[in-house]
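Observations on the three-dimensional arrangement
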Amino acid sequence: MTNFPLLAAVPAMVACTAAAAAPEAAAPEAVAERHYCNLHFFTPQSMARHLALRGTLVAAVTERRELATGYRITFPGSFREAGEFVDGIRGCCPTIGYALQFAPHDGTATLEISGGPGAKAFIAEEFRQLVRGQ
């Protein structure tokens, strides 16, 4: 169920569309959390900044790895705006978990984006450029 009225008004490359992905298959006792994007989080200016940061980060990714509950990307630790980018995606997609780590001395950095039932499909759709390079 990814066709919401807001989706047509948002470019496909925007990290947070208004789509809610179909829950992944789960055990009957597991209940999928309803994942969503809060497009009202961004002002037009902060959205432009967020898209610029995302483009820079996507271009800098050196490794993408699929995890059981999400994805991990690796990028140079010299990307100083990573915290600002993560703050934006946390506000836009608040039902997903984010873990950002930097190795010492400008070593590599990793960003894990994950969540509970239904999160992986949502992440794959909403963050496709970042986690798949598409």
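Refer to the structure printed above.
The present account deals with the structure reproduced in this document. These numbers come from a predicted model, not from an experiment. (Residues numbered from 1 in each chain as written. Predicted model: local features only at pLDDT ≥ 70, side-chain atom pairs only at ≥ 80, totals over all residues. Heavy atoms only, no water.)

Below, the discussion takes up the packing of aromatic side chains. Counted according to the given criterion, the structure contains four aromatic pairs. Where Phe75 meets Phe102, the ring centres are 6.5 Å apart and the plane angle is 90 degrees; that geometry is what we call edge-to-face. One end of the pair, Phe75, is in strand β2 (residues 70–76); the other, Phe102, is in strand β3 (residues 97–102), with 27 residues separating them in the sequence. Judged by its relative accessible area of 1%, Phe75 falls in the buried class. Pairing Tyr98 with Phe127 gives two aromatic rings, centres 6.5 Å apart and planes at 70 degrees, and the pair type is edge-to-face. Placement of the pair is Tyr98 in strand β3 and Phe127 in the loop between α4 (119–126) and α5 (128–132), with a sequence separation of 29 residues. Three or more aromatic residues joined by ring pairs make a cluster, and in this case those are Phe75, Phe79 and Phe102. The ring centre of Tyr71 lies 5.9 Å from the NZ or CZ of Lys120, which sits over that ring. (Phe/Tyr/Trp six-rings, centres within 6.5 Å; stacked < 30°, edge-to-face > 60°. Helix = DSSP H or I, 4+ residues; strand = E, 2+ residues; numbered from the N terminus. Buried < 20%, exposed > 50% of the residue type's maximum accessible area, 1.4 Å probe, protein only. Lys NZ or Arg CZ within 6 Å of the ring centre and 35° of its normal.)

All right, on to the pairing of β2 then. Of all the seven residues making up β2, five are buried; the element is thus mostly covered by neighbouring parts of the structure. Two strands pair when backbone bridges link them, and strand β1 (residues 63–66) and β2 are joined in this way by four bridges, in the antiparallel orientation. Its bridge partner being in β2, Arg65 is matched across the sheet by Arg72. From the end of β1 to the start of β2, which pair antiparallel, there are three residues. Here seven bridges tie β2 to strand β4 (residues 108–114), and the two strands are oriented antiparallel to one another. Note on β4: the bridge partner recorded for Thr74 is Thr110. (Pairing = 2+ DSSP bridges.)

Most peptide bonds take the trans configuration, and most residues that are not glycine carry a negative phi. Positive phi outside glycine occurs at His105, with the angle close to 55 degrees. Relative to the helices and strands, His105 resides in the loop between β3 and β4. Relative accessible area serves as the criterion here: at 81%, His105 is assigned to the exposed category.

What follows concerns the nonpolar core. One finds Tyr98, Leu111, Phe127 and Leu130 to be the most contacted residues of the largest nonpolar core, which totals 29 residues. Looking at this core element by element, the count peaks at five residues for helix α3 (residues 82–92). (Core = buried A, V, L, I, M, F, W, Y, C linked by side-chain atoms within 4.5 Å.)

Our next topic: the pattern of salt bridges. Following the criterion strictly, the structure yields six salt bridges and no others. Put simply, Arg65 and Glu63 hold a salt bridge, and the shortest N to O gap is 2.6 Å. Owing to a relative accessible area of 42%, Arg65 belongs among the partly exposed residues under this scheme. For Glu63, a relative accessible area of 32% puts it in the partly exposed group. (Salt bridge = Lys/Arg side-chain N within 4 Å of Asp/Glu carboxyl O.)

Those residues of α3 that fall on the buried side of the exposure criterion are Ala82, Phe85, Val86, Gly88, Ile89, Gly91 and Cys92. The inward-facing, buried residues of α3 abut α2 (44–60), β2, β3, β4 and α5. (Contact = heavy atoms within 4.5 Å.)

So, about the pairing of β3. Residues in a regular strand point their side chains to alternate faces of the sheet. When β3 meets β4, the two strands line up antiparallel, connected through six bridges. Bridged to Ala99 within β4 is Glu112. Linking two consecutive strands that pair antiparallel, namely β3 and β4, is a turn of five residues; a positive phi of about 55 degrees is found at His105 within it.

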